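# Tertiary structure, described
The residues making up each chain are set out below.
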Amino acid sequence: MTETPFRIGYGYDVHRLTPGRKLVLGGVEIPHEVGFDGHSDADVLLHAIADALLGAAALGDIGKHFPNSDPRFKGISSLILLQHVGALLTQHRFTVLNIDATVVLEAPTLSPFIDQMRQNIATSLAISPDQVSVKATTSETLGFVGTRQGGAAHAVVAISSH
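From a predicted model like this one, the values you see are computed outputs, not experimental measurements.

### With respect to the overall build of the protein
Helices and strands together make up the secondary structure of the protein, namely five helices and seven strands. For the protein, the succession of helices and strands along the chain, N to C, is β-β-β-β-α-α-α-β-α-β-α-β. In terms of overall dimensions, the protein has C-alpha extents of about 50 × 35 × 25 Å along its principal axes. Looking at the protein residue by residue over its 162 residues, the buried ones come to 50%. Of the contacts formed within the protein by residues at least 6 apart in sequence, a portion of 72% connects residues at least 24 apart. In the form shown here, the protein has an accessible surface area of approximately 8,000 Å², with 55% of it arising from carbon and sulfur atoms. Positive and negative side-chain charges in the protein, numbering 11 and 15 respectively, have mean positions lying 5 Å apart.

Here it is, written out as structure tokens:
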């Protein structure tokens, strides 16, 4: 089998917004009246990134590694899950080259929190924040995001084998 010098992965995650939950994105708790519902902290950004990394390395997805039926992951910080994904990549001799992610959420404004998200992601994966791009957009009031029923994130990553 021939080694591929680099691989690309894509990840997507979506969660419902619900009262009584914290809004956590990129490991940052963002003040808001609703948060994402899920088994863990439901951080759609980190879940999309983790799925993209696992996909690029052909290691499955976050459901395989962190099933929502496992009580060990109830309420867990997705930063811990991302650290585990980073360790899996290292174990399989992969290095993260870059991450480009977009959060799709109607409110609140995320720009004040983007730099901390980038730092959290970089720290979790032992890479530089310069290798991490996080952007935010709305859906212009269309669909489940536009009606504020939920939020989503997309991520594209590049990794290399060594």
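Here the narrative resumes.
### Some words on unusual backbone geometry
With an omega of 0 degrees, the peptide bond running from Ala107 to Pro108 counts as cis. The residue Pro108 is located in the loop between β5 (94–104) and α4 (114–125) in this model. Here the phi dihedral of Glu140 falls at roughly 55 degrees; this positive angle occurs in a residue that is not glycine. Structurally, Glu140 is set in the loop between β6 (132–137) and α5 (143–146).

### A short note on the packing of helix α3 (residues 78–91) against α4
Two elements in contact, α3 and α4, have axes whose closest approach is 8 Å; the angle formed by their N-to-C orientations is 40 degrees. By the angle between their directions, the pair α3 and α4 is classed as oblique. Crossing of α3 over α4 shows right-handed handedness. Counting all contacts with α3, which are made through Leu79, Leu82, Gln83 and Gly86, the residues of α4 involved are Asn120, Ile121, Ser124 and Leu125. Its residues assigned to classes, the contact of α3 with α4 comprises four nonpolar, four polar and no charged.

### A closer look at the environment of Asn98
Counting through the fold element by element, Asn98 comes out in strand β5. The spacing of Asn98 and Ile159 is 61 residues in sequence and 7.1 Å in space, taken between C-alpha atoms. In this structure, Asn98 is in contact with Gln131, Val156, Val157 and Ala158, ignoring residues within four places of it in sequence.

### Examining a nonpolar patch on the surface
A contiguous nonpolar patch, built from Phe6, Ile8, Tyr10, Tyr12, Val14, Leu97, Phe144 and Val156 and spanning about 730 Å² of accessible area, is present on the exposed surface. The biggest single contributor to the nonpolar patch is strand β1 (residues 6–19), with five residues. With respect to the secondary-structure elements, Ile8 resides in strand β1.

Cut-offs used in this document
- Residues numbered from 1 in each chain as written.
- Predicted model: local features only at pLDDT ≥ 70, side-chain atom pairs only at ≥ 80, totals over all residues.
- Heavy atoms only, no water.
- Helix = DSSP H or I, 4+ residues; strand = E, 2+ residues; numbered from the N terminus.
- Buried < 20%, exposed > 50% of the residue type's maximum accessible area, 1.4 Å probe, protein only.
- Contact = heavy atoms within 4.5 Å.
- Areas by Shrake-Rupley, 256 points an atom, 1.4 Å probe, with all protein chains shown as cover.
- Lys, Arg positive; Asp, Glu negative; His and termini not counted.
- Charge placed at Lys NZ, Arg CZ, Asp CG, Glu CD.
- Axes fitted to C-alpha atoms, helices over the stretch in contact; angles between N-to-C directions.
- Parallel < 35°, antiparallel > 145°, perpendicular 65-115°, else oblique.
- Left-handed = near helix turned anticlockwise from the far one by under 90°.
- Nonpolar A, V, L, I, M, F, W, Y, C, P; charged D, E, K, R; others polar.
- Patch = residues over 30% accessible without salt bridge, like charges linked within 9 Å, V, L, I, M, F, W, Y side chains within 5 Å.
- Salt bridge = Lys/Arg side-chain N within 4 Å of Asp/Glu carboxyl O.

Any link to function would need more than the numbers given here.
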